[in-house]
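Chain by chain, the residues run as shown.
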Amino acid sequence: MPSNNTSSNPAGAPVPLVRIERFDGGVFAIFTDPDRPWFEYDPSVRSAEQAREMARHVADKQWVTQAHLQQFEELMRAEFGEGACGG
């Protein structure tokens, strides 16, 4: 499973709310919650269609903010193209 690294990035800024990790041929979108630094939600995303479904799924979570969704959509577009997340 992806790491539980919640450290700062090299510039000393906080780690982004969503990041991508690759493990065993899969792409994982790692969602973090600043109010719970020990918490990570790490769904596997394998296609643009799954990215769209995951965006709808996580949008319903109380702890997911608009910033989470924006970061996720940017990462998914970079990973799977403009069709990811409806863009």
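Everything quoted here is computed from the prediction, not taken from an experiment. (Residues numbered from 1 in each chain as written. Predicted model: local features only at pLDDT ≥ 70, side-chain atom pairs only at ≥ 80, totals over all residues. Heavy atoms only, no water.)

Visitor: I keep staring at the pairing of strand 2 (residues 26–33) and nothing clicks. Help me out?
Guide: Consecutive side chains of a regular strand alternate in pointing toward one face of the sheet and then the other. By the criterion of burial, strand 2 is predominantly enclosed, with eight of the eight residues buried. The side-chain alternation of strand 2 yields two buried faces, one formed by Gly26, Phe28, Ile30 and Thr32 and the other by Val27, Ala29, Phe31 and Asp33. Pairing geometry for strand 1 (residues 18–23) and strand 2, over six bridges, is antiparallel. Residue pairing in the sheet places Arg22 in a bridge with Val27 of strand 2. As consecutive antiparallel partners, strand 1 and strand 2 are separated by two residues, and within that stretch Asp24 has a phi angle of approximately 50 degrees, a positive value. Remark: two residues form the turn of the hairpin made by strand 2 and strand 3 (residues 36–41), two consecutive strands paired antiparallel. (Buried < 20%, exposed > 50% of the residue type's maximum accessible area, 1.4 Å probe, protein only. Helix = DSSP H or I, 4+ residues; strand = E, 2+ residues; numbered from the N terminus. Pairing = 2+ DSSP bridges.)

Visitor: Would you take a moment to explain the sheet that holds strand 2 for this structure?
Guide: What holds strands together in a sheet is hydrogen bonding between their backbones, with the strands either parallel or antiparallel. One open sheet holds the three strands; their spatial order is 1-2-3, and the pairing between them is antiparallel. At either end of the open sheet lies a strand with only one pairing partner, and these are strand 1 and strand 3. Neighbour-to-neighbour, the strand axes of the sheet open up by a mean angle of 30 degrees, direction not taken into account. Two strands pair when backbone bridges link them, and strand 2 and strand 3 are joined in this way by three bridges, in the antiparallel orientation. Residue pairing in the sheet places Thr32 in a bridge with Glu40 of strand 3. Contacts between helix 2 (residues 66–80) and the sheet are confined to strand 1 and strand 2, with strand 1 contributing the most and set at about 40 degrees to the helix. (Axes fitted to C-alpha atoms, helices over the stretch in contact; angles between N-to-C directions. Contact = heavy atoms within 4.5 Å.)

Visitor: I tried to follow helix 1 (residues 48–59) on my own but got confused; where do I start?
Guide: Think of an α-helix as 3.6 residues a turn; residues three or four steps apart then line up on the same face. The first and last C-alpha atoms of helix 1 sit 17 Å apart over 12 residues, in line with the 16 Å expected at 1.5 Å per residue. Here helix 1 has its buried residues at Ala48, Ala51, Met54, Ala55 and Val58. Down the axis, helix 1 shows its buried residues gathered within 110 degrees of arc, on one side only. Buried residues belonging to helix 1 abut strand 2, strand 3 and helix 2. (Expected span 1.5 Å × (residues − 1). Arc of directions from axis to C-beta.)

Visitor: Just checking my understanding: could you explain the packing of aromatic side chains for this structure?
Guide: Two measures describe an aromatic ring pair: the distance that separates the ring centres and the angle between the ring planes. Taken as a whole and assessed by the stated rule, the structure comprises five aromatic pairs. With a centroid separation of 6.4 Å and an interplanar angle of 80 degrees, the aromatic rings of Phe31 and Trp63 are classed as edge-to-face. Here Phe31, found in strand 2, pairs with Trp63, found in the loop between helix 1 and helix 2; they are 32 residues apart in sequence, far enough to count as distant. Aromatic side chains Tyr41 and Trp63 sit 6.4 Å apart centroid to centroid with 80 degrees between the ring planes, which places their arrangement in the edge-to-face category. Separated by 22 residues along the polypeptide, Tyr41 in strand 3 and Trp63 in the loop between helix 1 and helix 2 bring together distant segments of the chain. With relative accessibility at 19%, the residue Trp63 sits in the buried group. Taken together, Phe31, Phe39, Tyr41, Trp63 and Phe72 form an aromatic cluster joined through their ring pairs. Positioned above the aromatic ring of Phe39, the side-chain terminus of Arg36 is 4.0 Å from the ring centre. (Phe/Tyr/Trp six-rings, centres within 6.5 Å; stacked < 30°, edge-to-face > 60°. Lys NZ or Arg CZ within 6 Å of the ring centre and 35° of its normal.)

That's the geometry; what it means functionally is another story.
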